[in-house]
Amino acid sequence: MTPHRIVLLAGLALYLVLAFYQLGLPGLHYDEAREAGLNAMEILTGAPITAFRGVGVAVMGRTFPLMVQDYIGALNVYLALPFLALTGIGVPNLRALPVLCGLIVLLLAERSVSEWMVWRSPHSTTREKRATSTPITPAGLLAVGLLAASPSFIFWSRQGIFVTNLTQVFVFLCIWQVLRWLRTGRSSALVIAALAAGLALYAKLLAVWVIAPLALFAFLAWLRRPRDGNRLVSLAPATLALAAFAFVAPLMPLLWFNLQSSGTLASIGANLGRSYYGVDNLALGANLITRLGQLVQILRGDQFWYLGAVFANPVAPWVGLAVVGLGLLRSPSYVATPLLLLACAVASSIFTVSDLFITHYALLQPLALSVIAVAAGALIARQPHAAAHRSTPYRSTLLRSVRPLVAALLLATFAWDLANSVAYHRTLAQSGGLADHSDASYHLAYHLRYNGMGAPLALDWGIDATVRFLTEGAVTPVEIFGYASPDAPDAQFEQRLAIFLENPDNVYLLHSEQATVFKGRRERFFAAVTAQGRTPVLERRFLQRDGTALYEIWKAP
């Protein structure tokens, strides 16, 4: 086994250890349950399937979902089925899928970076550039190492359904195969790239941030192929037709969903100017500043407050900036295009139909570290004789002198990130997770299931899907809080509530006052009960491990 393969396996092993350790923590997030676990559980247990917007494919009297949100496909649902069928319904069982997706991303990131380095290398012979296999490069190994130690990559991969890390898999598969097609001219690579692009968009539409500029890059590279001396890259009509079919086929569920409900089109159309959570999509400068700040934050890795503490790597953004800058100085042909791809993705991200959530950048985080790896690879690559002859002595001496410093800085970044990942695990074991990520939801679900509370009324977001999955469908909360606005209940809220208040045995699920997500419902509930001359009674309160109240069970006898 070659040294490169040993290093690669070591990086993969490090990731698996950090990702699989105490996989049941933090607690199950609502989006994890809603966007995969709930429907998968319903399919396996034979329970009625709650297809999003009621749209799906009818099979033997059951409607199987096509989408889990207006812009998120149901891929996670069906991929989770074998994991849950083999190991049972549970949180670690469900999270095994995104952890393995993260492992695949590491492999694809190495392949993509190595493919790029070989294709753009001035030292590669024509025969090497046309070879069907691509050797593992130091830059590819660096990408794996940086990702395997990164808290952002590790902890987002552990809850990958929450951040839809399937987009990472298909986006990097697309990047790899596009580069492979441009390097070798193999038509099969173009077809696979098109299929991966379609799957990435179906997994979550925000994959367009990378897919669109990547497609433009591939087209421009194809146009200039004669200038590059690459006459192997052709676009035969049959190949183009097959690639188009491969791209469209994964999007057919999305098309059918919109023919039935117009959900995606309505969601985008209704949020073009101002999003559901109040983001002004015309405030381009302010949104860009927010996104650039998030790009820096995912490199620091200090966005995981909900694990119980915050650990930052303050040198990581500066090291990344320095390495990319020096890489551009030495070999712009290596670094400019990957950096431009990342820049286009960041620019695309300033528009949103929801909010400028930092979790959206789970897609860009491995891309950003891959760009840094490419730049580092350019710094350590051999310089062609002609280029060395053209370089000034000062520039050549400068570049030679910074290489050891760059290596030391990257090693320090790796070690700092690794220490932070371990520290996050240590604090997570104590906290169990905070807020919507708290393991208090496990205790809530257990209490509801084994105390005969099978259909409680959920008066806030973030309870229903989590409880349903954790109780394997034995408890089915009824959401009556209304999704019209997260800031205030709709006009019909009191009418919906009044129907259930007629039964004094009904149970109501709320977050504590400080943990409430959708505002105004809690106060309206207490006011409605009091207006009837009744006194609401707190039956049970569930706390985070630090003693903070999170969930409450109320009755109105």
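Before reading further, recall that the structure is shown in the block above.
The shown structure was predicted, so the numbers you read here are calculated from the model rather than taken from an experiment. (Residues numbered from 1 in each chain as written. Predicted model: local features only at pLDDT ≥ 70, side-chain atom pairs only at ≥ 80, totals over all residues. Heavy atoms only, no water.)

A. Focus on the overall build of the protein chain. Each helix and strand in the protein chain was counted, giving 24 helices and nine strands. Over its C-alpha trace the protein chain gives a radius of gyration of 26 Å, about what one expects of a compact globule, namely 24 Å for 557 residues. Considering only C-alpha atoms, the protein chain reaches an extent of 90 × 50 × 50 Å along its principal axes. Every one of the 557 residues in the protein chain was classed for burial, and the buried ones make up 55%. For the protein chain, contacts bridging at least 24 residues in sequence account for 75% of all contacts bridging at least 6. For the protein chain, the exposed surface amounts to about 23,300 Å²; the carbon and sulfur share of it is 66%. (Helix = DSSP H or I, 4+ residues; strand = E, 2+ residues; numbered from the N terminus. Rg over C-alpha atoms; globule rule 2.2 N^0.38 Å. Buried < 20%, exposed > 50% of the residue type's maximum accessible area, 1.4 Å probe, protein only. Contact = heavy atoms within 4.5 Å. Areas by Shrake-Rupley, 256 points an atom, 1.4 Å probe, with all protein chains shown as cover.)

B. Layout of the pairing of strand 8 (residues 537–543). Of the strand pairs in this sheet, strand 8 and strand 9 (residues 549–555) are connected by six bridges, and their pairing is antiparallel. Along strand 9, the bridge assignment pairs Val-537 with Lys-555. Hairpin connection from strand 8 to strand 9: five residues lie between these consecutive antiparallel strands, with Gly-547 at a positive phi of about 90°. (Pairing = 2+ DSSP bridges.)

C. Local environment of the side chain of Asn-420. Locating Asn-420 in the fold gives a position in helix 20 (residues 393–431). Assessed through its relative accessible area of 7%, Asn-420 is described here as buried.

D. Broad picture of the sheet that holds strand 9. Here five strands make up an open sheet; going across it, the order is 6-5-7-9-8 and the pairing mixed. The open sheet has two edge strands with one neighbour each: strand 6 (478–479) and strand 8. Note: strand 5 (residues 457–458) against strand 7 (residues 507–511), two bridges, orientation parallel. Along strand 7, the bridge assignment pairs Ala-458 with Leu-509.

E. Representation of the environment of Pro-456. Tracing the backbone through its elements, the reader meets Pro-456 in the loop between helix 21 (440–449) and strand 5. Each C-alpha atom of the pair Pro-456 and Ala-474 lies 11 Å from the other, and the pair is 18 residues apart in sequence.

F. Looking closely at the packing of helix 4 (residues 91–120) against helix 9 (residues 166–184). Packing of helix 4 against helix 9 brings their axes to within 9 Å, and their N-to-C directions diverge by 25°. Relative to helix 9, the element helix 4 is oriented roughly parallel. Where helix 4 crosses over helix 9, the two elements pack in a sense that is left-handed. Only Leu-166, Gln-168, Val-169, Phe-172, Leu-173, Ile-175, Trp-176, Leu-179, Arg-180, Leu-182 and Arg-183 of helix 9 make contact with helix 4, whose side of the interface consists of Cys-101, Ile-104, Val-105, Leu-108, Ala-109, Arg-111, Ser-112, Glu-115, Trp-116, Val-118 and Trp-119. (Axes fitted to C-alpha atoms, helices over the stretch in contact; angles between N-to-C directions. Parallel < 35°, antiparallel > 145°, perpendicular 65-115°, else oblique. Left-handed = near helix turned anticlockwise from the far one by under 90°.)

G. Structural context of unusual backbone geometry. Cis geometry marks the peptide bond from Leu-25 to Pro-26; its omega dihedral reads -5°. By the secondary structure assignment, Pro-26 is in the loop between helix 1 (3–20) and helix 2 (30–45). A positive phi angle, near 55°, is found at Met-60, a position not held by glycine. By the secondary structure assignment, Met-60 is in the loop between strand 1 (56–59) and strand 2 (62–65). By relative accessible area, which is 81% here, Met-60 ends up exposed. Even without glycine at this site, Glu-472 takes up a positive phi of about 55°. Tracing the sequence through the fold places Glu-472 in the loop between helix 22 (464–470) and strand 6.

H. Structural context of the packing of helix 4 against helix 6 (residues 138–149). Helix 6 packs onto helix 4 with a crossing angle of 150° between their chain directions and a minimal axis gap of 7 Å. What the angle tells us is that helix 4 and helix 6 run roughly antiparallel. Seen from above, helix 4 lies across helix 6 with right-handed handedness. On the side of helix 4, the interface is formed by Leu-106, Ala-109, Glu-110, Val-113, Ser-114 and Met-117, while helix 6 contributes Ala-139, Gly-140, Leu-141, Ala-143, Val-144, Leu-147 and Ala-148. Among the residues making up the contact of helix 4 with helix 6, the classes are represented as ten nonpolar, two polar and one charged. (Nonpolar A, V, L, I, M, F, W, Y, C, P; charged D, E, K, R; others polar.)

I. Looking closely at helix 17 (residues 332–348). With 17 residues, helix 17 extends 23 Å between its outermost C-alpha atoms, agreeing within 8% with the 24 Å of an ideal straight helix rising 1.5 Å per residue. For helix 17, the set of buried residues is Tyr-334, Val-335, Pro-338, Leu-341, Leu-342, Ala-345 and Val-346. The buried residues of helix 17 occupy an angular sector of 140° when projected down its axis, which confines them to one face. Structurally, helix 17 contributes buried residues whose contacts are with helix 4, helix 9, helix 11 (208–223), helix 15 (284–300), helix 16 (316–330) and helix 18 (365–380). (Expected span 1.5 Å × (residues − 1). Arc of directions from axis to C-beta.)

J. Examining empty space enclosed by the protein more closely. Evaluated as defined, the whole model comprises two cavities of 30 Å³ or more. Estimated volume of the largest cavity: approximately 200 Å³. What lines the largest cavity is a set of 15 residues, and nearest its centre among them are Ile-175, Leu-179, Pro-338, Leu-341 and Leu-367. Elements with a contribution of two residues or more to the lining of the largest cavity: helix 4, helix 9, helix 11, helix 17 and helix 18. (1 Å grid on protein atoms, 1.4 Å probe; cavity = no way out; pocket = protein on both sides within 12 Å on 5 of 7 lines; lining within 4 Å. Points joined across faces, edges and corners; volume = space filled by probe spheres on them.)

K. Spatial organisation of the environment of Leu-326. Tracing the backbone through its elements, the reader meets Leu-326 in helix 16. Between the alpha carbons of Leu-326 and Arg-403 there is a distance of 9.7 Å; along the sequence they are 77 residues apart. Excluding anything up to four places from it in sequence, Leu-326 contacts Leu-379, Val-402 and Val-406.

L. Broad picture of the pattern of salt bridges. All told, the structure shown has 13 salt bridges when counted by the stated rule. With its nearest N and O atoms 3.9 Å apart, the salt bridge here joins Glu-472 to Arg-449. Placement of the pair is Glu-472 in the loop between helix 22 and strand 6 and Arg-449 in helix 21, with a sequence separation of 23 residues. Under the relative-accessibility criterion, Arg-449 is labelled partly exposed at 30%. Between Glu-552 and Arg-522 there is a salt bridge, with the nearest N and O atoms lying 2.9 Å from each other. You can see Glu-552 sitting in strand 9 and its partner Arg-522 sitting in helix 24 (residues 521–531), a full 30 residues away along the chain. (Salt bridge = Lys/Arg side-chain N within 4 Å of Asp/Glu carboxyl O.)

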